[in-house]
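Spelled out from the first residue to the last, the chains are:
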Amino acid sequence: MSLKMNKQFQDMDQFWSVELIGDVDIQTSGRLKDELNQLLDQRESNINIDCASLSYIDSTGLGVLIGVLKRVKKNENEILISNAQQNIIKLLTITGLDKIFVMK
Amino acid sequence: MKDCISLTLPTKSEYVSVARLTASVVANNMGFDIESIEDIKVAVGEACNNAVLHGACQTEFDISFTVEHSEFVVDVLDCGNGFSIDSYNEPDLMNPGENGLGIFIMKSLMDDVTVESKVGNGTKIRMVKRLVV
């Protein structure tokens, strides 16, 4: 089980593009938190999280996204979740998080 | 006929995936569909997260998978800090916090979930998923 992250700032549209590949779980969620906060330290902006290759997320990962969203919202930005697989959408829906993130 | 698979895992985050994958294999063998297997995998992961996060100085926790007819029963037992069930509140979904989603997710994905816990006496989580034939 591992997590790979591809991160890039999209100059044209002014947002962080973050592709998650693998699993966000108790083993990897701490690293996700650190890396997302480091991106925001560089530049506060919207974050677009591409979940096409995210196969698993648990409550520790969702907790990280909720924490980062609080920081992002303070700067009147959003977290966009795009291309999520059905199992990820199900988890976001039952926890109500599909209402607080922008789902694409 | 009743089959039981038991694991004793270190209370380290890198071993939670061992329990998740074992649960997936057993559920697949029973004939659960892909969505149910995903549900079981996530619920087992959450129960193990609880044992790892609140296992305190315990070095191991136990997990068992029992297959009996169409029932898949998962027991996760740790001897860690435990917590007061009375103090557990369901998360406010309109204003979610960074913690406290685990038990809610387990209850949402499994057919039955019981949590027995006492401060200082560890936690026992039993989850059941039934195969709909």
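Residues numbered from 1 in each chain as written. Chains lettered and ligands numbered in written order. Predicted model: local features only at pLDDT ≥ 70, side-chain atom pairs only at ≥ 80, totals over all residues.

Visitor: Outline the overall build of chain B, supporting the account with residue identities and numerical values.
Guide: A tally of regular secondary structure across chain B gives three helices and five strands. In chain B, the succession of α and β elements from N to C terminus is β-α-α-β-β-α-β-β. Each of the 133 residues in chain B was classed as buried or not, and the buried ones make up 37%. (Helix = DSSP H or I, 4+ residues; strand = E, 2+ residues; numbered from the N terminus. Buried ≥ 20, exposed ≤ 12 C-beta atoms within 10 Å, placed from the backbone.)

Visitor: Would you mind going over the sheet that holds strand β3 (residues 46–57) of chain A in detail, with residue names and values included?
Guide: Residues and elements named next belong to chain A. Strand order in the open sheet formed by five strands is β1-β2-β3-β4-β5, with mixed pairing between adjacent strands. The sheet is open, and its two edges are formed by β1 (3–10) and β5 (102–103), each paired on a single side. Where helix α1 (residues 29–42) meets the sheet, its contacts fall on β1, β2 (15–24) and β3, and the angle it forms with β1 comes to roughly 10°. (Pairing = 2+ DSSP bridges. Contact = placed C-beta atoms within 7 Å. Axes fitted to C-alpha atoms, helices over the stretch in contact; angles between N-to-C directions.)

Visitor: Kindly report on the sheet that holds strand β3 (residues 71–78) of chain B, identifying the contributing residues and their values.
Guide: All names here are of chain B. Strands sit in the order β1-β2-β3-β5-β4 across an open sheet of five strands; the sheet is antiparallel. Lying at the two open borders of the sheet, with one neighbouring strand each, are β1 (2–10) and β4 (112–117). Neighbouring strand axes in the sheet, compared pairwise and without regard to direction, differ in orientation by 10° on average. The sheet contact formed by β1 and strand β2 (residues 60–68) spans nine bridges and is antiparallel. When the sheet's bridge partners are listed, D3 is paired in β2 with V67. Packing against the sheet, helix α2 (residues 34–54) makes contact with β2, β3 and β5 (123–130), and its axis sits at approximately 180° to β5.

Visitor: Now, about helix α3 (residues 101–109) of chain B: what can you tell me, with residues and values included?
Guide: Within α3(B) the residues assigned to the buried category are B:L101, B:G102, B:F104, B:I105, B:M106 and B:L109. The elements touched by buried residues of α3(B) are α2 (59–74) and α3 (86–94) of chain A together with α2, β4 and β5 of chain B.

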